[in-house]
Amino acid sequence: MNGQVFAGTVDGTCVLKLVGSLRCLEPDSIAQSEAMNAFLDQCFASGEFHHFLVDLSETEAIDSTNLGVIARIAQHTRAHDLPKASIVTTRPEITRLLSTMGFDYVFIIIDHPVRVPKSIEELPSVGPTDIEIARLVLRAHEALSALNEHNRTAYKLVVDLLRKELGESQST
């Protein structure tokens, strides 16, 4: 199943729900990643949201770029002294992946279904340019690298190559 990203805000909480398979090599997935990234940018910029909830209970597969977009939430909450965000995951393989990537240290992992507000809507996917894609992938992998030393080592080559391609200096 191709992936879908739903998002919305309720009572000071920014909510994301990812459904299906979200991997950048699949049709429309990179556009969904960019839409999710833009939604988070809006939440962060507004300063109105103090809680974040990410529901992965219906996520079948997720790649490092999408995980990196989610990892940005942890960076934001730490930088602004906000409570840890919550991730709902009821699939053992997704829970294991989150743990391997260090998400269990920077997020509250909830292993049972929770009620997600019905007011969330599917994010529209607009095809990003090649430069926007490269920046998204760089930013996502920088966020993953910031979680722990294991990730920093694992994604160093990707981050270095993208920085060189984009002509950007080190920002992490």
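Summarised in this report is the structure supplied together with it. (Residues numbered from 1 in each chain as written. Predicted model: local features only at pLDDT ≥ 70, side-chain atom pairs only at ≥ 80, totals over all residues. Heavy atoms only, no water.)

Time to look at the overall build of the chain. Each helix and strand counted, the chain has six helices and six strands in total. By the compact-globule yardstick of 16 Å for 172 residues, the chain fits well, its C-alpha radius of gyration being 15 Å. C-alpha atoms of the chain, sized along the principal axes, occupy 45 × 35 × 30 Å. Per-residue burial over the chain gives 51% buried out of 172 residues. Taking as baseline every contact in the chain between residues at least 6 positions apart, the subset at least 24 positions apart corresponds to 71%. For the chain, the separation between the mean place of its 15 positive charges and that of its 23 negative charges on side chains is 5 Å. (Helix = DSSP H or I, 4+ residues; strand = E, 2+ residues; numbered from the N terminus. Rg over C-alpha atoms; globule rule 2.2 N^0.38 Å. Buried < 20%, exposed > 50% of the residue type's maximum accessible area, 1.4 Å probe, protein only. Contact = heavy atoms within 4.5 Å. Lys, Arg positive; Asp, Glu negative; His and termini not counted. Charge placed at Lys NZ, Arg CZ, Asp CG, Glu CD.)

Before going further, it helps to spend a moment on the pairing of strand β4 (residues 85-88). Walk down a regular strand and you will see the side chains alternate between the two sheet faces. Neither face of β4 is exposed, since Ala85 and Ile87 on one face and Ser86 and Val88 on the opposite face are all buried. By the bridge criterion, three bridges tie strand β3 (residues 51-62) to β4 in an arrangement that is parallel. Bridge pairing links Asp55 to Val88 in β4. Between the parallel elements β3 and β4, the chain passes through helix α2 (residues 64-79) in a crossover that is right-handed. Judged from the four bridges that link them, β4 and strand β5 (residues 107-110) form a sheet pairing that is parallel. Bridging across to β5, Ser86 finds its partner in Ile108. (Pairing = 2+ DSSP bridges. Right-handed = clockwise from strand over helix to strand, strands pointing away.)

As enumerated under the stated definition, the model contains seven salt bridges in all. For Glu149, the salt bridge is made with Arg152, and the minimal N-O distance between the two is 3.0 Å. In this pair, Glu149 and Arg152 are both assigned in helix α6 (residues 149-166), three residues apart and thus about one turn of the helix distant. (Salt bridge = Lys/Arg side-chain N within 4 Å of Asp/Glu carboxyl O.)

Here the focus is the sheet that holds β4. Spatially, six strands are ordered β5-β4-β3-β2-β1-β6 in an open sheet, and the strand pairing comes out mixed. What marks the edges here is a single partner per strand, and that holds for β5 and β6 (121-122). As paired elements, strand β1 (residues 4-10) and strand β2 (residues 13-22) share seven bridges and run antiparallel to each other. Its bridge partner being in β2, Thr9 is matched across the sheet by Cys14. The strands that α2 touches are β2, β3, β4 and β5; relative to β3, the one it contacts most, it runs at about 165 degrees. Running at roughly 120 degrees to β3, helix α3 (residues 92-100) makes contact with β3, β4 and β5 of the sheet. (Axes fitted to C-alpha atoms, helices over the stretch in contact; angles between N-to-C directions.)

Now for the packing of α2 against helix α5 (residues 130-147). Here α2 crosses α5 at 60 degrees, and the two axes come no closer than 7 Å. Viewed along their axes, α2 and α5 adopt a mutual orientation that is oblique. Two packed elements cross with a definite hand, and for α2 against α5 that hand is left-handed. Across the interface between the two elements, Ser64, Thr65, Leu67, Gly68, Val69, Ala71, Arg72, Gln75 and Arg78 of α2 pack against Leu136, Val137, Arg139, Ala140, His141, Glu142, Ala143, Leu144, Ala146 and Leu147 of α5. Of the residues contributing to the contact of α2 with α5, the split by class is 10 nonpolar, five polar and four charged. (Parallel < 35°, antiparallel > 145°, perpendicular 65-115°, else oblique. Left-handed = near helix turned anticlockwise from the far one by under 90°. Nonpolar A, V, L, I, M, F, W, Y, C, P; charged D, E, K, R; others polar.)

Counted by the stated rule, this structure contains two aromatic pairs. With a centroid separation of 5.7 Å and an interplanar angle of 65 degrees, the aromatic rings of Phe44 and Phe52 are classed as edge-to-face. The exposure class of Phe52 is buried, given its relative accessible area of 5%. Consider the rings of Phe103 and Phe107, whose centres lie 5.3 Å apart with planes at 10 degrees: the pair is stacked. With respect to class, Phe103 is no different from Phe107; both count as buried. (Phe/Tyr/Trp six-rings, centres within 6.5 Å; stacked < 30°, edge-to-face > 60°.)

Let us now look at the nonpolar core. Soluble globular proteins: nonpolar side chains tend toward being buried together. Judged by nonpolar contacts, the single largest core of 46 residues is most densely connected at Leu16, Leu18, Phe52, Ile70, Ile73, Phe103 and Phe107. Ranked by the residues each element gives to this core, the list is headed by α5, at eight residues. Beyond its immediate stretch of four places on either side in the chain, Phe52 contacts Thr13, Cys14, Cys43, Phe44, Ile73, His76, Thr77, Leu82, Ala85 and Ser86. Counting eight residues, the second-largest nonpolar core is a separate cluster that includes Leu53, Val88, Ile110 and Val116. (Core = buried A, V, L, I, M, F, W, Y, C linked by side-chain atoms within 4.5 Å.)

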